[in-house]
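What follows is the residue order along each chain.
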Amino acid sequence: MESKTSRFPFPYQPYSIQESFMEALYTALDQGKVGIFESPTGTGKSLSLICGALTWLRDYEEQKKQEAARLLDGPEKKCDAVKEENNSSQPSEPDWVSEFVQKKAERDMVNKLKDEELKRKKREERLEMIRHNAQLRYAMKRKASEEDEAVKLLQLSKEGAESEIHSPEEEGLIVAEYESDDEATPKSRLCDEDDDEDLEEDHVTKIYYCSRTHSQLAQFVHEVQKSPYGAAVRLVNLGSRQNLCINPEVVRLGNVQMMNDRCLEMQKNKHEKREKASDSETKRRRGVAKATCPFSGFENLMAMRDEVLVKVRDVEQLLQHGRETHTCPYYSTRMAIPAAQVVVLPYQSLLHASTRKASGIKLKDQIVIIDEAHNLTDTISAIHSTEISGAQLCRAHSQLSQYCERYRSRLKAKNLMYIKQILFVLEGLVRTLGGKVGQNPNTQSCQPGSELLTINDFLFKAHVDNINLFKVQKYFEKSMISQKLCGFVEKYEGSGVNIHSSSKNKENRRTEGLGRFLQTLQNKPTDVSEQQVAVEDKPIMASPMMLVESFLFALTNANKDGRVVIQKQACLSQSSLKFLLLNAAVHFAQIVQECRAVIIAGGTMQPVADFKEQLLFSAGVPEDRILDFSCGHVIPPENILPIVLCAGPSGQRLEFTFQTRDTPQMMEETGRVLSNLCNIVPGGVVCFFPSYEYEKRILGHWESTGILQRLQSKKKIFQEPKKASQVEQVLSDYSKCIQHCSNGGSGQTGALLFSVVGGKMSEGINFSDDLGRCIVMVGMPYPNIKSPELQEKMAYLDKHMPHIGGKSPGKALIENLCMKAVNQSIGRAIRHRGDYACIVLCDHRYARPGTLQKLPEWIRSSTHTHTTFGPAFASARKDLSRTFQVQYPLN
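What you are looking at is a predicted structure, and each value in this text was computed from that prediction instead of being measured.

Caption draft 1: Quick peek at helix α29 (residues 692-705). The end-to-end C-alpha distance of α29, which contains 14 residues, comes to 20 Å, matching closely the 20 Å that a straight helix rising 1.5 Å per residue would cover. Looking at the buried residues of α29, the elements they touch are α28 (664-680), β13 (683-689), α30 (707-714), β14 (716-719), β15 (750-756) and β16 (774-778). Just downstream of α29, Gly706 is the residue with a positive phi angle, here 85 degrees.

And the structure:
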């Protein structure tokens, strides 16, 4: 099973399936493929991805160096590509013209290669000096002005739903207080001429690795640190301000949107402060000093940028280093992107185009690896779907109206026109919910109901079909009106100032702060509950205009690719508008078109047919560019026993349809199945139900009939908590109980954990060894087919996707969603080579050939179908006695 020798550096002798995985990965990267890679959990998938991809990157960089050296070796060595290009073009030109053009192209290419080689050597020398703690004289030369520091930070400030921040000369400016001079500072003046390459450095060929959660990203970084490439690879770990900010004033806000707003405000304050300081004619005025961030010193940021590149660090280590050096990890990591070889980032930062652009991510000819991608289609749809409430729409309209009124005399005519268009659109959106702007949304009643419309029909209904939303979207991006409105609200509305009033005399302005302070003392709540209510009533963000921007951007999708749900409640403030993206491929297309290669990996990628149709083929990926790879498990075949159970101990057929699953007979038969399994399975048993509602119903029935008490006499019962914060405690108690029982400290044989498919314990949880000796799947977890959103998705697929084998793509979607959820749940067991478990699928419908085909190959190949309970139970008991080396008497 072991490979003799491997060309891939590995911390240990790789398994044969790991060797095959890395070979297939290397081929996919080298040939520019879109690869779908499935490797079961416990087979070292992350390490195989790291070593395979970095080996290819090492070879590719070496090949580029050799090619550059060959071209720079002498003027007589010509570039074949340049020759061929010039020979094939303009054939009618005279020879001397063709020769001149060819020589010029060769000189340009040689100059470009020399420039790239010079930058590469400088970068490597600089990083090598840092590795050996040498005195960095180059850092002392960076003496950019503080104004330019702030401009650079503003250029790096955007992420998530925010649109990109442009430098002042690129903005569609709104008011004079944010307006720069006509002769704006060019980017080339951001630093000294000698160090210009530090900011304008070209992006080297790199690997973008993204995953679903920050814990998965941290695990990947730790694997890189342990790999043979850990000491030399230049890796950057990206995150949101919520993960990387070290400014206590910002961190205490907690909410990511409020943190973004506060950080941007501090950068603007710093920029404005330098502008005023540099203006010798500005009169000195008294007033409250605006807060700026003390962690954004430009020299420190550049120094930490280099420190990030010389040593692989996870988020916690970045935070620690930032605190020690008094430097912001959020901005320094973004500055390190161009020179990095590996960039680790969450889904949102890669899959959302505006976030990519804002973070400085360039995908042209790069490698993208998307891990844990079993729900990639749904993830893209969710990222690009958005919802906004009636209260938020009214609040945005009110704030923008007051902003417009206060600065009307200072607004340019074009900016005023766009602001009025946005106000007009907001009025139309509120009108679709049955309300009016200018009135309290909490007091406006609506007729409850829901309506689902195409994008065009919704625009007609809102009477905004005459507005060019593409131009409005561009205005949002250029002007940064959403961010400026947040600052405006915090400055005036948040401080209690009447923003309509601009004619207060100086004395009133001096005393209004004291008046507000005395008023807060007078109204200060004395009861703890009152304080809690005050905190809960506080708005989540200063302005909801960012949500408005996202919603209007969503409405620029093609009419067939999205739907708008109008959800009316009794009160306007609780009513909402929701955009649903139906075609995820439209946003994935740019990634597969720009990248050199895209690798989509996961532990359970089956079924992949709809994945290819909905995401790859629809994004324009030709079939010959797709490489599909799936490997088996490292465990011996006898270490896993998957059983399809068609009937219970009393002969009752197991079929958990909506019509039969609530019958007393079906619930009692399920209890008997579980009771018998608990007799013979040591350690932990994890039982998955299709929904929380059904779990509650069946447990209630078992308690009234005494089945729950019989189960509890054999195993201590645990239940998946409703709150995510309690999951860790439940798992800890579950683990301790099993360990205690295995030591003979109890009459029970282990523990029984009730969980829900798609819940908090069906993904990302490790039930290895005794924690998951048996996984029981009760029924088939089909999604709610009556959901309007799902029905619309099915109708879209039926209309735009091919009918393979005469089967409706909409119905295939339902089955695939079900089986993907099943595969994720049963994949919680068997986590390493020496692990073993039994998997019981309780429903005769699992025996259908089409359904069995959707199980992972390493499970499907060992699956046994039993039409009666006796042979299934005997098979399980026999395997438990032989493989698990335990034997319990049958009660």
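Caption draft 2: Summary view of the sheet that holds strand β5 (residues 367-370). Strands sit in the order β3-β4-β2-β5-β10-β1-β11 across an open sheet of seven strands; the sheet is parallel. Across the chains shown, the open sheet's two edge strands, defined by having one partner strand only, are β3 (235-237) and β11 (626-630). Neighbour-to-neighbour, the strand axes of this sheet turn through a mean angle of 15 degrees, independent of strand direction. Inspection of the sheet shows strand β1 (residues 34-38) paired to strand β10 (residues 597-602) by five bridges, in the parallel sense. In the strand pairing of β10, Val34 is matched with Val598. Packing of helix α27 (residues 609-616) onto the sheet brings it into contact with β1, β10 and β11, and relative to β1 it is tilted by some 150 degrees.

Caption draft 3: Just the pattern of salt bridges, in detail. With the rule as written, the count across this model stands at 20 salt bridges. Put simply, Lys820 and Asp610 hold a salt bridge, and the shortest N to O gap is 3.9 Å. With Lys820 in helix α33 (residues 809-826) and Asp610 in helix α27, this residue pair connects regions lying 210 residues apart in the sequence. For the pair Lys820 and Asp610, one class covers both residues: buried. Between Lys854 and Glu815 there is a salt bridge whose closest N-O contact spans 4.0 Å. Placement of the pair is Lys854 in the loop between α34 (849-852) and α35 (857-860) and Glu815 in helix α33, with a sequence separation of 39 residues. Accessibility expressed as a relative area gives 16% for Lys854, which makes it buried. The class for Glu815 is partly exposed, based on a relative accessible area of 23%.

Caption draft 4: Fine view of unusual backbone geometry. Cis geometry marks the peptide bond from Gln606 to Pro607, where omega comes out at -5 degrees. For Pro607, the location among the structural elements is in the loop between β10 and α27. Phi at Asp365 is positive, roughly 60 degrees, even though this residue is not glycine. On the basis of relative accessible area, Asp365 is assigned to the partly exposed category, the value being 47%.

Caption draft 5: How the structure looks around the packing of helix α19 (residues 413-432) against helix α21 (residues 469-479). Taken N-terminus to C-terminus, the directions of α19 and α21 make an angle of 115 degrees; their axes are 11 Å apart at the nearest point. In terms of crossing hand, the pair formed by α19 and α21 is left-handed. On α21, the residues touching Asn415, Tyr418, Ile419, Gln421 and Ile422 of α19 are Lys471, Val472, Tyr475 and Phe476. Taken together, the residues of the contact of α19 with α21 break down into six nonpolar, two polar and one charged.

Reading guide: rules and limits
Residues numbered from 1 in each chain as written. Predicted model: local features only at pLDDT ≥ 70, side-chain atom pairs only at ≥ 80, totals over all residues. Heavy atoms only, no water. Helix = DSSP H or I, 4+ residues; strand = E, 2+ residues; numbered from the N terminus. Expected span 1.5 Å × (residues − 1). Contact = heavy atoms within 4.5 Å. Pairing = 2+ DSSP bridges. Axes fitted to C-alpha atoms, helices over the stretch in contact; angles between N-to-C directions. Salt bridge = Lys/Arg side-chain N within 4 Å of Asp/Glu carboxyl O. Buried < 20%, exposed > 50% of the residue type's maximum accessible area, 1.4 Å probe, protein only. Left-handed = near helix turned anticlockwise from the far one by under 90°. Nonpolar A, V, L, I, M, F, W, Y, C, P; charged D, E, K, R; others polar.

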